[in-house]
Amino acid sequence: MTSFKNLEDFETLFFKKMRGLSENDGATKERIKKFYELIILKDKASPEAPTNKKTLRRISIVLTTFCNLKCVWCHREEKHVKDAGYLSKNMNFDLLMNLLPQLKGFEVLTWGGLGEPMLYKHFYEVTKEARKYFKIVKTTCNGTTLNERNIFKLRDSGLNFLEVSIDGFDNEANMKLRGAHEDKIIKSLEFLSANTDIPLQINTVVSQENYDSLLGAIEKLKNVKNIIMMHTIPLFMTKHMQELGIEALDIAKYKRLLSKWDEDIKKNNLKWELSPNIKQVEYDPVSFMKQKHNICFSPYEDPTINIDGEIVPCSRLQHLGIGNVFKEGFDEVWNGEKMKKFRGEQLEGNYGNLCQRECSMKVTSRKSDQEREKALKTIHRDINI
């Protein structure tokens, strides 16, 4: 399905697939309307994003860019990120504590980014403070910090959703790809499940490199009772991946993997959801917007604040800050001149080199290369064509 006759058609396809944890149907419909506006009006659409915080998917905040692992497909390994001087830094604690009440209205706060959030010195303290203002406070972690002591601290902090990244289940793949033994992580998750009620989501990058190791994932995880979702992430074919010779997984194998997981979930009487499931794998709304309409929706619904307090174009371009929320406040920056300029250039089809490489966005702008680059440089000096 590549076109829609009306808003109802659009809602039928995407309503249950809109990612995030919001239970507010009205907010979800507002997000869908913005999708629809961009598809129908294209370059005539408004470059302003929704301002109702419940409408936005979440707010993501990067606490640290320190990490104790070296995952082969992490964006930390990209040359442009290393050259930006963005790594090995921590967010200012006092500035963050002052910012949190200003973000009240978002339903979901995610601690994430190009580091291991639980290495942040004040992780449990800021999580406890954040729960005063957000219905859901969640983090993505690599699992290595989940020792018994930290699990009880997690419980007491009020964290109420935990995503754990595991990319192999055969005693070798996760060590090779991430630098950690999955068996040890799984034992920690079993302990967490026995001592807390924190819901768990397992995040797994899928590629040709680790396909075979993923087939037995459900059997290995079946005793982790807090799991509610298995989330697979198709490999982003960055230049770094191409240089390493790592290939994306073809759609037929991807579906076979999900089918195997679905069978194992039913066989073990588990109440786990697959995201995406086998029917949804080709119809992720964000991917659909990019592939079918050459539009990226992240700058309209998925704000990320980087380590320096800067709003960034998307979570994969964390080093490109285009407005400081510590100095100007979230509302001023989110629909500030630079963010609107960034969205406007995208609507015209003027995508920078990283958007073209990371997400295969196509340049359709009628501007000359010189005009294109000049426009993008007014947004951030490091955006190139």
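Our structure's up above, just so we're on the same page.
Structural notes, computed from the coordinates. This one's a predicted model, so the numbers in the text were calculated from it and none came from an experiment. Along each chain, residue indices are assigned from 1 in the same order as the chain's sequence is written. Thresholds applied to this predicted model are a pLDDT of at least 70 for local features of residues and 80 or more for the giving and counting of side-chain atom pairs; totals over whole chains, interfaces and linings are not thresholded and use all residues. Working from all heavy atoms in the structure, the side-chain values ignore hydrogens and water.

This next bit is on the packing of aromatic side chains. A pair of Phe, Tyr and Trp rings is counted when the ring centres sit within 6.5 Å of each other, with Trp represented by its six-membered ring. The angle between the planes then sorts it: under 30 degrees is stacked, over 60 is edge-to-face, the rest tilted. Going through the model one piece at a time under the given rule, you end up with six aromatic pairs. Pairing Phe 123 with Tyr 124 gives two aromatic rings, centres 5.3 Å apart and planes at 85°, and the pair type is edge-to-face. Comparing Phe 123 with Tyr 124, the two get one shared label, buried. The structure contains a cluster of three or more aromatic residues connected by ring pairs, namely Phe 35, Phe 297 and Tyr 300. Taking NZ or CZ as reference, Arg 343 lies 5.5 Å from the ring centre of Tyr 300, over its face. Only Lys NZ and Arg CZ are tested; either one counts as a charge over a ring when it is within 6 Å of the ring centre and within 35 degrees of the ring normal. When the ring centre of Trp 334 is taken as reference, the NZ or CZ atom of Arg 343 above it lies at 4.7 Å. Exposure classes here rest on a 1.4 Å probe applied to the protein chains alone. A residue is buried below 20% of its type maximum, exposed above 50%, and partly exposed in between.

Another aspect to go through is helix H19 (residues 369-377). Given 3.6 residues per helical turn, the α-helix brings residues three or four places apart onto the same face. Looking at H19, one finds that the buried residues are Arg 372, Ala 375 and Leu 376. An end-on view of H19 places all buried positions within 95° of arc, on one side of the element. Facing away from the buried side of H19 by over 90 degrees, the exposed positions are Gln 370 and Lys 374. Residues count as neighbours in contact if any of their non-hydrogen atoms are within 4.5 Å of one another. Working definition: helices are DSSP H or I runs of at least four residues, strands are E runs of at least two. Numbering for both runs from the N terminus. Contacts made by the buried residues of H19 are with helix H17 (337-347) and helix H18 (353-359). As used here, the arc belongs to the directions running from the helix axis to the C-beta atoms.

Here we come to the nonpolar core. Of all hydrophobic cores here, the largest spans 96 residues; its most connected members are Ile 61, Trp 111, Leu 146, Leu 154, Leu 162, Val 164 and Met 230. The leading source of residues in this core is helix H12 (residues 251-267), at five residues. With sequence-adjacent residues up to four places away left out, Ile 61 is seen in contact with Met 91, Leu 96, Leu 100, Leu 103, Leu 109, Thr 110, Trp 111, Gly 112 and Ile 305. Residues Trp 73, Val 205, Met 241 and Ile 246 belong to the second largest nonpolar core, which totals six residues. By nonpolar core we mean a set of buried residues, namely Ala, Val, Leu, Ile, Met, Phe, Trp, Tyr and Cys, connected to one another through side-chain atoms within 4.5 Å.

What follows concerns the environment of Leu 114. When you line up the elements, Leu 114 lands in the loop between strand E2 (108-112) and helix H5 (123-130). On a C-alpha basis, the gap between Leu 114 and Phe 66 in space is 7.7 Å, while along the polypeptide they are 48 residues apart. Look past the residues within four positions of Leu 114 in its chain and what remains in contact with it is Val 62, Thr 64, Thr 65, Cys 74, His 75, Arg 76, Val 81, Tyr 86 and Gln 318.

Counting buried positions along E2 gives five out of five residues, so the element sits mostly inside the fold. Here E2 shows two buried faces, one formed by Val 108, Thr 110 and Gly 112 and the other by Leu 109 and Trp 111. The criterion for strand pairing is that DSSP finds at least two bridges linking the strands in question. Pairing of strand E1 (residues 59-62) with E2, which is carried by four bridges, proceeds in the parallel orientation. Counterpart to Ile 61 in the pairing with E2 is Trp 111. One ladder, built from four bridges, connects E2 with strand E3 (residues 136-141); its direction is parallel. Bridge pairing in E3 places Leu 109 opposite Val 137. Handedness of the crossover is the feature at issue here: the chain leaves E2, passes through H5, returns alongside E3, and the resulting connection is right-handed. Convention used here: a crossover is right-handed provided that the path from the first strand, over the helix, to the second strand proceeds clockwise when the strands point away from the viewer.

Any carboxyl oxygen of Asp or Glu within 4 Å of a side-chain nitrogen of Lys or Arg constitutes a salt bridge here. Summed over the entire model, instances satisfying the criterion amount to 28 salt bridges. A salt bridge links Glu 301 to Arg 31; the shortest N-O distance between them is 2.7 Å. You can see Glu 301 sitting in helix H14 (residues 298-301) and its partner Arg 31 sitting in helix H2 (residues 25-41), a full 270 residues away along the chain. Overall, the relative accessible area of 5% leaves Arg 31 in the buried class. A salt bridge links Glu 78 to Arg 357, with the nearest nitrogen and oxygen atoms 2.7 Å apart. Placement of the pair is Glu 78 in the loop between E1 and helix H3 (79-83) and Arg 357 in helix H18, with a sequence separation of 279 residues. A residue is classified by how much of its surface remains accessible, and Glu 78, at 4% relative accessible area, is buried. Through salt bridges with shared partners, one network takes in Glu 219, Lys 222, Lys 260, Asp 264 and Lys 267.

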